[in-house]
Amino acid sequence: MQSPDKVDPILTEVVANHLLSVSEEIGLTMIRAAHSPNIRERRDCSTAIFDVNGQIIAQAPYIPMHLGSMVGLIGEVLKHVSLQKLKPGDIFIANDPYNGGGAHLPDITLVSPVFYEGQLVAFVADIAHHADVGGMVPGSESAACTTIYQEGLRLSPVPINSALGEKDPVIQLIMLNSRTPEERLGDLQAQIAGLHVGVQRLQEVYDRFGIQSVSSSTEEFLNYSERRMRNLISELNKGIFTFEDYLDNDGFNRDPVKIKCTASILDDEIILDFKGTDKQMASGKNIPMVATLSVAYCLVKMLIDPDIPANTGTYRSIKVHAPEGSVVNPKQPAAVGARAISCGILGDVIGGALMQSLPGRALASSGPHSLSTFSGTDNVR
């Protein structure tokens, strides 16, 4: 056991890697048990472990878009239930990007508290893309949507009872609103299985190291991640750098839509400001704030140090300011289902601003993410 005043760096690294392995095992459990190719084949899912304060202490990002999707998740859960009322076995589910869900409605998040010897010690969570959660189009994501009400069922964090299986009222509600209800049930059960594994493995970590050692080690690892990121930022060229690019249109008229980023590189901090970005669109190509954070965190991490841990400590030195009501921080009920199309441009803009402070490095713009379907007949035969 180590005291908070004297943290053993070797033990800290060992505990941190144990937690990361738990996060990865949650994801692998979910992938192996899933019914849909979205999760089983594409691995469009991610997992995270939080401390009792809601800080991300370990994350296995199978999809970079999820790096910021779960930031603030625990705070949203605690708006609906107090810490004192949480109990072992609780599971909460959410998918609303405006209220604790993922980046669009098909991304369903599940979170569960972890108790050890009667004490709340952590939270485990997983997020996965579901093929259909209702709405006006199959797949629940279309740039043609003009409001989130057209995109499917919305859930702020609400409890489910996994012991009831498909008889749980919330799971029944999700199945009732989906065009592929059996697949939704199978994928939700896979996510629940992942949480059960995460809770069990975390309890084994506490069995081995004890509450005090795990707590002090995780806090030190977050601080280490912050120091490492700040040291790397301090080596960048200082200044204010601006870059902008455009979506061809919003899907309803021919006017281009501007996304603008101003990157301020300070002594040991990066501020990304999107002032000057156009107002939110009438289409589903808006980018909710959780997705903007995800893209920002991913770009900074990849350009500065791809190997740095993905946790709250790493993000402390990255500040993001996005005007409310803009393309990159729309106000509800703006549609956001096709936000991936715009995220390609957002990534280009952030990269274009940051690269001006990174001599010798380059990142070619890739343009918008495209959703295309190719079909036809084989005339050769």
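Parameters at a glance
- Residues numbered from 1 in each chain as written.
- Predicted model: local features only at pLDDT ≥ 70, side-chain atom pairs only at ≥ 80, totals over all residues.
- Heavy atoms only, no water.
- Pairing = 2+ DSSP bridges.
- Helix = DSSP H or I, 4+ residues; strand = E, 2+ residues; numbered from the N terminus.
- Axes fitted to C-alpha atoms, helices over the stretch in contact; angles between N-to-C directions.
- Salt bridge = Lys/Arg side-chain N within 4 Å of Asp/Glu carboxyl O.
- Buried < 20%, exposed > 50% of the residue type's maximum accessible area, 1.4 Å probe, protein only.

Student: Is there a simple way to explain the sheet that holds strand β10 (residues 318–321) in this structure?
Tutor: Neighbouring strands of a sheet are bound in pairs by backbone hydrogen bonds; such pairs are parallel or else antiparallel. The 4 strands lie next to each other as β7-β8-β9-β10, forming an open sheet whose pairing is mixed. Either end of the sheet is taken by a strand with one partner, and the two such strands are β7 (239–247) and β10. On average, each strand axis in the sheet is inclined to that of its neighbour by 15 degrees, with strand direction left out of account. In this structure, strand β8 (residues 257–265) lies alongside strand β9 (residues 270–273), joined through 4 bridges in antiparallel fashion. Residue pairing across strands places I265 opposite I270, the latter belonging to β9.

Student: Would you take a moment to explain the pattern of salt bridges for this structure?
Tutor: When their charged atoms lie close together, side chains carrying opposite charge are able to pair. A full pass over the atoms with the stated rule returns 17 salt bridges. With a shortest N-O distance of 3.5 Å, E41 and R40 are connected by a salt bridge. Overall, the relative accessible area of 55% leaves E41 in the exposed class. Residue K87 is joined to D90 by a salt bridge in which the shortest nitrogen-to-oxygen separation is 3.1 Å. Given a relative accessible area of 48%, K87 falls into the partly exposed group. Residues participating in the shared-partner salt-bridge network are E219, E226, R230, D268 and R316.

Student: How should the pairing of β9 be read in this particular structure?
Tutor: Taken together, β8 and the strand that follows it, β9, pair antiparallel across an intervening segment of 4 residues. The pairing of β9 with β10 spans 4 bridges and is classified as parallel. Among the inter-strand pairings, I271 is bridged to a residue of β10, identified as K319.

Student: Whenever I open this one, unusual backbone geometry confuses me. Can you help?
Tutor: Among all residues save glycine, negative phi is the norm, and among peptide bonds the norm is trans. The omega torsion across Q332 and P333 is 15 degrees, close enough to zero to call that bond cis. Considering the arrangement of structural elements, one finds P333 in the loop between β10 and α9 (339–354). Despite not being glycine, R43 shows a phi value in the positive range, around 55 degrees. Owing to a relative accessible area of 37%, R43 belongs among the partly exposed residues under this scheme.

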